[in-house]
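Results of the structural survey
Below, each chain spelled out in residue letters.
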Amino acid sequence: YVGVSAIKMSNTYTAGLFLDERIAIGQVYRTLGRTPDFRLLNVGVEGPKGGVQQLWREYILSAEGFECHIKETFPDRRIFWSDYYAKKLLCIAKEIEEEEEVASTDGESPTIGVEA
């Protein structure tokens, strides 16, 4: 899963929560005591690349003083089909994480399977 957010803060209180206190997006809304308005902008599927389709969505969460434009990409849409695929992807993510840890200790960059 990859999430990219563009955040608009229109008052010093929300800016302080997010920038100074480093409160996560969802927690900012909770701290404000507000349920954000949700507006779905777009949804799509990319691929298949290597037999895998990626699912993505773009949406806006907003409440007074704090607005987030978010694009989420799920690396394999099959994670929504069954527990089997979700567990499989978690195992792959763990393997990548372990490779990165090993690479960071030996000074080399990790190599992750990329198709040419």
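Attention in this report is confined to the structure presented alongside it. (Residues numbered from 1 in each chain as written. Predicted model: local features only at pLDDT ≥ 70, side-chain atom pairs only at ≥ 80, totals over all residues. Heavy atoms only, no water.)

**Notes on the nonpolar core**
To be explicit about the condition: By nonpolar core we mean a set of buried residues, namely Ala, Val, Leu, Ile, Met, Phe, Trp, Tyr and Cys, connected to one another through side-chain atoms within 4.5 Å. Accessible area is worked out with a 1.4 Å probe on protein chains only. A residue is then buried under 20% of its type maximum, exposed over 50%, and partly exposed in between. Between two residues, a contact is recorded if the distance between any of their heavy atoms is within 4.5 Å.
By size, the foremost hydrophobic cluster in this structure holds eleven residues: Leu-17, Ile-23, Ile-25, Val-28, Tyr-29, Tyr-59, Leu-61, Ala-63, Phe-66, Cys-68 and Ile-70. Discounting chain neighbours no more than four positions away, the residues touching Ile-70 are Val-4, Ser-5, Arg-57, Glu-58, Tyr-59 and Leu-61.

**Remarks on the packing of aromatic side chains**
Applied cut-off: Two rings from Phe, Tyr or Trp (for Trp, the six-membered ring) form a pair when their centres are within 6.5 Å of each other. A pair whose planes differ by under 30 degrees is stacked, one over 60 is edge-to-face, and the rest are tilted. Only runs of H or I of at least four residues qualify as helices and only runs of E of at least two qualify as strands under DSSP, and these elements are numbered from the N terminus. The criterion is that NZ of a Lys, or CZ of an Arg, lies within 6 Å of the ring centre and within 35 degrees of the ring normal, and then a charge sits over that ring.
Summed over all chains, the structure comprises three aromatic pairs. Ring centres of Phe-18 and Phe-66 lie 5.8 Å apart, and the angle between their planes is 55°; on these two criteria the pair is classed as tilted. Residue Phe-18 is located in helix α1 (residues 12–20), and its partner Phe-66 is located in strand β4 (residues 66–74); the two are separated by 48 residues in the primary sequence. According to the relative accessible area criterion, Phe-18 is partly exposed, its value standing at 23%. When its relative accessible area of 1% is taken as the criterion, Phe-66 is described as buried. Ring centres of Phe-38 and Tyr-59 lie 5.2 Å apart, and the angle between their planes is 35°; this geometry places the pair in the tilted category. Linking Phe-38 in strand β2 (residues 37–49) with Tyr-59 in strand β3 (residues 52–63), this pair joins segments that are 21 residues apart in sequence. Residue Phe-38 is classed as partly exposed on the basis of its relative accessible area, which comes to 47%. Pairwise contacts between aromatic rings join Phe-18, Tyr-29 and Phe-66 into one cluster. Note that Lys-71 overlies the ring of Trp-56, its terminal NZ or CZ placed 4.6 Å from the centroid.

**Description of the pattern of salt bridges**
Stated formally: Salt bridge, as used here, is a side-chain nitrogen of Lys or Arg placed within 4 Å of a carboxyl oxygen of Asp or Glu.
The final tally for this structure, using the stated rule, is one salt bridge. The shortest N-O distance in the salt bridge between Glu-72 and Arg-57 comes to 2.4 Å. Note that Glu-72 is positioned in strand β4 and Arg-57 in strand β3, a separation of 15 residues in sequence.

**Focus on unusual backbone geometry**
The phi dihedral of Arg-22 falls on the positive side, at around 55°, and the residue is not glycine. When you line up the elements, Arg-22 lands in the loop between α1 and α2 (25–32). A relative accessible area of 71% means that Arg-22 is categorised as exposed.

**Considering the packing of α1 against α2**
Put simply, the test is: Angles run from 0 to 180 degrees between N-to-C directions of axes, and those axes are lines fitted to C-alpha atoms, restricted for helices to the stretch in contact. Angles below 35 degrees are treated as roughly parallel, those above 145 as roughly antiparallel, those between 65 and 115 as roughly perpendicular, and all remaining angles as oblique. For a crossing to be left-handed, the near helix must be turned anticlockwise from the far one by less than a right angle; the clockwise case is right-handed. Classification used: nonpolar for Ala, Val, Leu, Ile, Met, Phe, Trp, Tyr, Cys and Pro, charged for Asp, Glu, Lys and Arg, polar for all others including Gly.
Running from N to C, α1 and α2 point in directions that differ by 135°, and their axes come no closer than 10 Å. In terms of orientation, α1 lies oblique with respect to α2. Here the hand of the crossing between α1 and α2 comes out right-handed. Between α1, through Tyr-13, Thr-14, Leu-17 and Phe-18, and α2, the contact on the second element is made entirely by Ile-25, Val-28, Thr-31 and Leu-32. Across the contact of α1 with α2, the residue classes break down as six nonpolar, two polar and no charged.

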